[in-house]
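If you want the building blocks of each chain, they are given just below.
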Amino acid sequence: ERPETGRLALYLLGLRAACPPPEHGPQRTLVTWLKFYLEEDWAGSRRHGHPLTSYYQYGLGVLALCVHRKRVREEVIRRLLEAEQHGRFGHGDSSAVDTEAVVALAFTCLERERFVGAGLAAELRTATRRVRRRMVEAQGQDGFFGNIYSTPWAMQVFISSNVCRTQPAYGRAMAALLGNLGAFTTGATMAQVLPVLHGHSYLDIASMQCREELDTLVPVGLDPPPEVPGDKAVWLVVECRVPRCPQRRLYDQLVPVPASASLLDVLKAAAVQGPHNFTFDTQDTPQGPFLSRVLGLEAQQQDRSYWQLLTAPSTSLQMGVADYRPRDKETLILRLSHW
């Protein structure tokens, strides 16, 4: 099985933010497991030159260990630094903003906690400045860095570097977020955007004084989206690139669904619609259901493939299958791509 580097890292960040009780035995065990996962994540795929999971998860692991004030070997840090220097964070045609942001936060934490020597600290500062510069250059007309979900990660980089007040791109991104808060509907996405709205980054977790924190957490019940009367029809297209699929377009059908249906509802409707057999599978993740298999073709970490979600002709969706609600007559494309 692949190491659960990213999931465990996020759990440990959340655990530290929640100010756990003084008994640290179980927490120390989890930190030890994360250090083991980091080593296994890379060692298991040395011949490929990249982690078994992804640079995003690998960077999350380094960040979580730093926030818990645990040192990592210099070799582990230099793996990320070399990847940043050679532009290896991209995912095919998609944005690398979230990965670059996570890595930049990890670099800033390592420097701030003085876990590295002066020479390496200078290299990490330079790398973080490069990341910020690329983010500013890549900011879209809509104000987002990459997409709406990678934007809070990017904004945390500006916050942690104390340059958010002097960077106009940060102000544009904040305005874009405030106008689209309805897109953050899962616990994981809310956890990314809430610190930014209060002017904090995940690095602030390391300096929290838990004895002074008030227990103000209360459960919040999310209302289901309102039902929209009527029906709509969505064109669903499945594509797979050659040579894996000589017939590039594997599915192309109009799928009728209720007007309030999400993309996940469209897939479910296609699965029961005849006469063409349509099958799909999803995996549960902290961000919601993740499309893992379509028409028997599985997205595999080993060959770095994934099911890309697009609206025709080639615009990547900024939401997951359970959150995106297509318009009537919209064409949605599921494309098996590589990163």
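Residues numbered from 1 in each chain as written. Predicted model: local features only at pLDDT ≥ 70, side-chain atom pairs only at ≥ 80, totals over all residues. Heavy atoms only, no water.

Operational definition: UniProt positions are given in the numbering used here, feature names are shortened, and annotations may be inferred rather than shown by experiment.
The name recorded for the chain in an unreviewed UniProt entry is Transcobalamin-2, from Atlantisia rogersi. The UniProt entry for the chain carries this comment under Sequence similarities (unreviewed entry): "Belongs to the eukaryotic cobalamin transport proteins family." According to its UniProt record, the chain has this under Subunit (unreviewed entry): "Interacts with CD320 (via LDL-receptor class A domains)."

1. Topic: the packing of aromatic side chains
When we look at a pair of aromatic rings, we describe it by the centre distance and by the angle of the planes. Spelled out, the test is: Only rings of Phe, Tyr and Trp enter the pairing, Trp through its six-membered ring, and a pair is recorded when the two centres are within 6.5 Å. The plane angle decides the type: under 30 degrees is stacked, over 60 is edge-to-face, the rest tilted. By definition, any uninterrupted DSSP run of H or I lasting at least four residues is a helix, any uninterrupted run of E lasting at least two residues is a strand, and each is numbered from the N terminus. Relative accessibility thresholds used throughout: buried, under 20% of the residue-type maximum; exposed, over 50%; partly exposed, between the two (1.4 Å probe, protein chains only).
Enumeration over the complete set of coordinates arrives at 13 aromatic pairs. Seen in terms of ring centroids, Trp-42 and Tyr-58 are 5.6 Å apart; in terms of plane orientation they differ by 50°. Their pairing is tilted. Placement of the pair is Trp-42 in helix α2 (residues 25-43) and Tyr-58 in helix α3 (residues 55-67), with a sequence separation of 16 residues. Relative accessible area serves as the criterion here: at 11%, Trp-42 is assigned to the buried category. A ring pair is formed by Phe-278 and Phe-280, whose centres lie 6.1 Å apart and whose planes are at 35°; its orientation type is tilted. Since its relative accessible area comes to 18%, Phe-280 is described here as buried. Connected via pairs of aromatic rings, a cluster forms that spans Trp-42, Tyr-55, Tyr-58 and Phe-89.

2. Looking at the pairing of strand β4 (residues 288-294)
The line we're drawing: Should DSSP find at least two bridges between two strands, the strands are taken to pair.
Relative to β4, strand β3 (residues 280-285) is paired through six bridges, and the arrangement is antiparallel. Paired with Asp-284 across the two strands is Pro-289, which belongs to β4. The pairing of β4 with strand β5 (residues 297-298) spans two bridges and is antiparallel. The residue bridging Arg-293 from the neighbouring strand is Glu-298, located in β5. The antiparallel pairing of β4 with β5 creates a hairpin that spans two residues between the two strands, and Leu-295 there sits at a positive phi of about 50°.

3. Section: the sheet that holds strand β1 (residues 231-240)
In plain terms, the rule: We call two residues in contact when some of their heavy atoms are within 4.5 Å. Each axis is a line fitted through C-alpha atoms, and for a helix only the stretch in contact is used; angles between axes span 0 to 180 degrees, taken between their N-to-C directions.
Here five strands make up an open sheet; going across it, the order is β2-β1-β8-β6-β7 and the pairing mixed. In this open sheet, the two strands that pair with only one neighbour each are β2 (249-258) and β7 (315-316). Packing of helix α10 (residues 263-272) onto the sheet brings it into contact with β1, β2, β6 (305-311) and β8 (331-338), and relative to β2 it is tilted by some 110°.

4. Overview of α3
How we decide: Expected span of a helix: the number of residues minus one, times 1.5 Å.
Given a rise of 1.5 Å per residue, 13 residues ought to cover 18 Å, and the 18 Å separating the end C-alpha atoms of α3 matches this to within 8%. Residues Tyr-55, Tyr-56, Tyr-58, Gly-59, Leu-60, Gly-61, Val-62, Leu-63, Ala-64, Leu-65, Cys-66 and Val-67 constitute the buried set of α3.

5. A word on the sheet that holds β4
Taken in spatial order, the three strands make up an open sheet running β3-β4-β5, and their pairing is antiparallel. Each of the sheet's edge strands pairs with one partner strand only, and the pair in question is β3 and β5. Set on the sheet, α10 makes contact with β3 and β4; between it and β3 the angle comes to about 150°.

6. Points about the state of the cysteines
We apply this condition: For this text, the term disulfide refers to a pair of cysteine sulfurs within 2.5 Å.
A full pass over the atoms with the stated rule returns one disulfide. Covalently, Cys-66 is tied to Cys-109 through a disulfide, its sulfur atoms 2.1 Å apart. The S-S bond linking Cys-66 to Cys-109 shows a torsion near -100°; that makes this disulfide left-handed. With a gap of 43 residues between them, Cys-66 in helix α3 and Cys-109 in helix α5 (residues 97-112) connect regions that are remote in the sequence. Using a relative accessible area of 0% as the deciding quantity, one classes Cys-66 as buried.

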